[in-house]
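Below, each chain spelled out in residue letters.
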Amino acid sequence: AQSVTQLGSHVSVSEGALVLLRCNYSSSVPPYLFWYVQYPNQGLQLLLKYTSAATLVKGINGFEAEFKKSETSFHLTKPSAHMSDAAEYFCAVRGYNQGGKLIFGQGTELSVKP
Amino acid sequence: ETGVTQTPRHLVMGMTNKKSLKCEQHLGHNAMYWYKQSAKKPLELMFVYSLEERVENNSVPSRFSPECPNSSHLFLHLHTLQPEDSALYLCASSPGDRGQVEQYFGPGTRLTVT
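Below is a short write-up of the structure.

Cut-off values and rules
Residues numbered from 1 in each chain as written. Chains lettered and ligands numbered in written order. Predicted model: local features only at pLDDT ≥ 70, side-chain atom pairs only at ≥ 80, totals over all residues. Heavy atoms only, no water. Core = buried A, V, L, I, M, F, W, Y, C linked by side-chain atoms within 4.5 Å. Buried < 20%, exposed > 50% of the residue type's maximum accessible area, 1.4 Å probe, protein only. Contact = heavy atoms within 4.5 Å. Pairing = 2+ DSSP bridges. Helix = DSSP H or I, 4+ residues; strand = E, 2+ residues; numbered from the N terminus. Axes fitted to C-alpha atoms, helices over the stretch in contact; angles between N-to-C directions. Buried area = accessible area lost by both parts, 1.4 Å probe. Salt bridge = Lys/Arg side-chain N within 4 Å of Asp/Glu carboxyl O. Polar contact = N/O pair within 3.5 Å; in protein donor to acceptor, adjacent residues only side chain to side chain. Disulfide = S-S within 2.5 Å. Phe/Tyr/Trp six-rings, centres within 6.5 Å; stacked < 30°, edge-to-face > 60°.

## Examining the nonpolar core
Judged by nonpolar contacts, the single largest core of 28 residues is most densely connected at Trp 35, Leu 48, Phe 74, Leu 76 and Tyr 89 of chain A. In contact with Leu 76 of chain A, not counting residues within four places along its chain, are Val 19, Leu 20, Leu 21, Trp 35, Leu 47, Leu 48, Phe 63, Glu 64, Ala 65 and Tyr 89 of chain A. Judged by nonpolar contacts, the second largest core, of 22 residues, contains Leu 21, Trp 34, Cys 68 and Val 113 of chain B.

Printed below as a string of structure tokens:
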């Protein structure tokens, strides 16, 4: 069975500061991992995905994430936060060659202070 | 119209009403999904359809009834709902229901049950 834990339901950073959103997963099979972003009153938008190729994955809007098997982590980072990054971020996992079920974390709300 | 669309965007209904949520994807995908997003809870997968056949039903109460008439359309029929069913209902689609494919989400329908 797969599961995802996002550490911190709320993260606050200053504009221009590093963004680090933590995600740890549990999977009995090689995982596919995803980060989604949700802006207010909108659906989820894919930021990036890990599919067993390069361990450092670059996504949209300057975000990237690194897959670390030894730590079962897939943390999301951005070197310099922008006000427009304020949103809720979800980490998700699904098993290799398993059905359509994405397992989501609880979400982390990112606030960006001017 | 592009991507995944959902109508209505907002819905208020009484516990004795019958209503339907509609989802349409314009991406040529073969799999479609219904998720429930409640405050302070992870996203819950409700139903998965692949090539118009239901492949997963996550123990959802029978007051929620999905319908997938073709690969582009997905409905969620609602009847005799409870106040705890108030949530954001998200539809998603993907090229298939297996492999490294990501899901694309619609903007959601905000449902309030009074």
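And the narrative resumes.
## Overview of the sheet that holds strand β7 (residues 64–70) of chain B
The strands making up a sheet associate through backbone hydrogen bonding, with each pair oriented either parallel or antiparallel. Residues and elements named next belong to chain B. The four strands are arranged β1-β3-β8-β7 in an open sheet whose pairing can be described as antiparallel. At either margin of the open sheet sits one strand with a lone partner, and together these are β1 (4–7) and β7. Shown here is a sheet whose adjacent strand axes are inclined to one another by a mean of 20°, direction ignored. Sheet analysis places β7 next to strand β8 (residues 73–79), joined by five bridges and oriented antiparallel. Residue pairing across strands places Asn 70 opposite His 73, the latter belonging to β8.

## Here we look at the side chain of Asp 85 of chain B
Residue and element names in this part refer to chain B. Positionally, Asp 85 belongs in the loop between β8 and β9 (87–94). The class for Asp 85 is buried, based on a relative accessible area of 2%. Once you skip the residues sitting within four places of it in the chain, Asp 85 turns out to touch Lys 36, Arg 63, Phe 64, Leu 111 and Val 113.

## Quick word on the interface of chain A and chain B
Facing 22 residues of chain A, the contacting portion of chain B comprises 21 residues. For the chain A and chain B pair, buried surface summed over both sides reaches about 1800 Å², with 50% attributable to carbon and sulfur atoms. Between Lys 49 of chain A and Glu 102 of chain B there is a salt bridge; the shortest N-O distance is 2.6 Å. Where chain A touches chain B, the interface holds four residue pairs in polar contact (both at pLDDT 80 or more). Those elements that place two or more of their residues in the side of chain A that touches chain B are β4 (31–38), β5 (44–50) and β9 (87–95) of chain A. The greatest single-element share of the side of chain A that touches chain B, amounting to four residues, is contributed by β4 of chain A.

## What to know about the state of the cysteines
Disulfides are covalent bonds that link the sulfur atoms of two cysteine residues. All names here are of chain B. Per the counting criterion, the structure on display carries two disulfides over all chains. Each disulfide pairs two cysteine sulfurs, and for Cys 23 the partner residue is Cys 91, the sulfurs being separated by 1.9 Å. Sign of the S-S torsion, about -75° for the bond between Cys 23 and Cys 91, identifies this disulfide as left-handed. Of this pair, Cys 23 sits in strand β3 (residues 18–25) while Cys 91 sits in strand β9; the two residues are 68 residues apart in sequence, bridging distant segments of the chain. A residue is classified by how much of its surface remains accessible, and Cys 91, at 0% relative accessible area, is buried. Cys 68 carries a free sulfur, and the closest cysteine sulfur to it, the one in Cys 91, is 9.1 Å from it.

## What to know about the packing of aromatic side chains
One pass over the full model with this rule turns up 13 aromatic pairs over all chains. Geometrically, the ring pair formed by Tyr 35 of chain B and Phe 105 of chain B is tilted, given 5.4 Å between the ring centres and 40° between the ring planes. One end of the pair, Tyr 35 of chain B, is in strand β4 (residues 31–37); the other, Phe 105 of chain B, is in strand β10 (residues 104–105), and 70 residues separate them in sequence. Phe 105 of chain B carries the same exposure label as Tyr 35 of chain B, and that label is buried. Three or more aromatic residues joined by ring pairs make a cluster, and in this case those are Phe 34, Tyr 36, Phe 90 and Phe 104 of chain A together with Tyr 33, Tyr 35 and Phe 105 of chain B.

## Here we look at the sheet that holds strand β3 (residues 19–26) of chain A
Residue and element names in this part refer to chain A. Within the open sheet, the five strands sit side by side as β1-β3-β8-β7-β6. Their pairing is antiparallel. Looking at the sheet topology across the chains shown, the edges are occupied by β1 (3–7) and β6 (56–58). With strand direction ignored, the average angle separating the axes of adjacent strands in the sheet is 20°. Where strand β7 (residues 64–68) lies against strand β8 (residues 73–78), five bridges are found, and the strand directions are antiparallel. Each bridged residue has a counterpart across the sheet, and for Glu 66 the counterpart in β8 is His 75.

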